[in-house]
Amino acid sequence: FFSSRRRHTRLLTVTGVQTCALPISRAAVSGVAGDAAPGLARRLACMFYEAMVLFAVAFLGTWVFQFAAGVARIEGWRLHVLQLFLLLVFATYFLWCWLRGGQTLPMKTWRIRVVAKDGHGRLTPRMALLRFCFALVLVPTLVGILWSRVDRDGQFLHDRLAGTLLVPAPSP
């Protein structure tokens, strides 16, 4: 009664008997998430899972490159070409996932979605590419992650710069 906002509740029933009423957010009622990011621990766990997926992608990409190059040992200029090739493979992976549904496999697991800041719609290819490039520089230096501690919405710096948001994804 202290707030002018109407409080929404969901009734929890066990074997047909109402047991309690749980408060739920406006986002759950309206189906639109706010600008607040998922918790930092959840996003860091997602990033750790993403690192494991990227290790597998890099392993497979290196194997394909090594097979195509026809050499067992990659040295000199071939090493730089391999690095560029892996960068393109990573960019393809992220852009394909973000543009198709806003989620990579780890993001689906941790129920996190990347959306456009304006209207919470799908990302444009430009936004996705900007997000990838900014994250490529800011995540390894930890600047983007530390930024989330002072950001008003808790967003990473690369999301703020690219015009994207990380929002909680609805449960399936």
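As the structure is a computational prediction, the values presented were derived from the model and not from experiment.

Draft legend 1. Representation of the overall build of the protein chain within the structure. For the protein chain, the count of helices and strands is seven helices and four strands. What you see in the protein chain, going N to C, is helices and strands ordered as β-β-α-α-α-α-β-α-α-α-β. Residues counted as buried form 32% of the 172 residues belonging to the protein chain. Looking at the protein chain alone, contacts between residues at least 24 apart form 59% of all its contacts between residues at least 6 apart. Approximately 11400 Å² of the protein chain is accessible, and the part contributed by carbon and sulfur atoms is 66%.

Draft legend 2. Summary view of the packing of aromatic side chains. As enumerated under the stated definition, the model contains five aromatic pairs in all. Considering the side-chain rings of tyrosine 93 and phenylalanine 94, the 5.0 Å spacing of their centres and the 65 degrees angle between planes classify their relative orientation as edge-to-face. Taken individually, tyrosine 93 and phenylalanine 94 each receive the classification buried, so the pair is uniform in this respect. Through pairs of rings, three or more aromatic residues link up here, namely Tyr93, Phe94, Trp98 and Phe132.

Draft legend 3. The arrangement of the side chain of glutamine 103 in detail. Tracing the backbone through its elements, the reader meets glutamine 103 in the loop between helix H3 (77-100) and helix H4 (105-109). Accessibility expressed as a relative area gives 13% for glutamine 103, which makes it buried. A polar contact of 3.0 Å, which involves the side chain of glutamine 103, links it to the backbone oxygen of isoleucine 112. Among residues more than four places away in sequence, those in contact with glutamine 103 are Cys97, Trp98, Lys108, Arg111, Ile112, Arg113 and Ala169.

Draft legend 4. Molecular detail of unusual backbone geometry. Even without glycine at this site, histidine 120 takes up a positive phi of about 55 degrees. With respect to the secondary-structure elements, histidine 120 resides in the loop between strand S3 (112-116) and helix H5 (125-138). When its relative accessible area of 24% is taken as the criterion, histidine 120 is described as partly exposed. Backbone geometry places leucine 142, a non-glycine residue, at a positive phi of 70 degrees. With respect to the secondary-structure elements, leucine 142 resides in the loop between H5 and helix H6 (143-147). What makes leucine 142 partly exposed here is its relative accessible area of 46%.

Draft legend 5. Representation of helix H2 (residues 40-69). Compared with an ideal rise of 1.5 Å per residue, which puts 30 residues at 44 Å, H2 spans 41 Å between its outermost C-alpha atoms and is within 8% of the ideal. The set of residues buried in H2 consists of Leu40, Arg43, Cys46, Glu50, Val53, Leu54, Ala58, Gly61 and Phe65. Packed against the buried residues of H2 are H3, H4, S3, H6 and strand S4 (164-168). Residue glycine 70 follows H2 closely and has a positive phi angle near 75 degrees.

Draft legend 6. Broad picture of the side chain of histidine 158. Residue placement: histidine 158 occurs in helix H7 (residues 157-162). Given a relative accessible area of 3%, histidine 158 falls into the buried group. Residues contacting histidine 158, with those up to four places away along its chain left out, are Arg131, Phe134, Ala135, Leu138 and Val139.

About the cut-offs
- Residues numbered from 1 in each chain as written.
- Predicted model: local features only at pLDDT ≥ 70, side-chain atom pairs only at ≥ 80, totals over all residues.
- Heavy atoms only, no water.
- Helix = DSSP H or I, 4+ residues; strand = E, 2+ residues; numbered from the N terminus.
- Buried < 20%, exposed > 50% of the residue type's maximum accessible area, 1.4 Å probe, protein only.
- Contact = heavy atoms within 4.5 Å.
- Areas by Shrake-Rupley, 256 points an atom, 1.4 Å probe, with all protein chains shown as cover.
- Phe/Tyr/Trp six-rings, centres within 6.5 Å; stacked < 30°, edge-to-face > 60°.
- Polar contact = N/O pair within 3.5 Å; in protein donor to acceptor, adjacent residues only side chain to side chain.
- Expected span 1.5 Å × (residues − 1).

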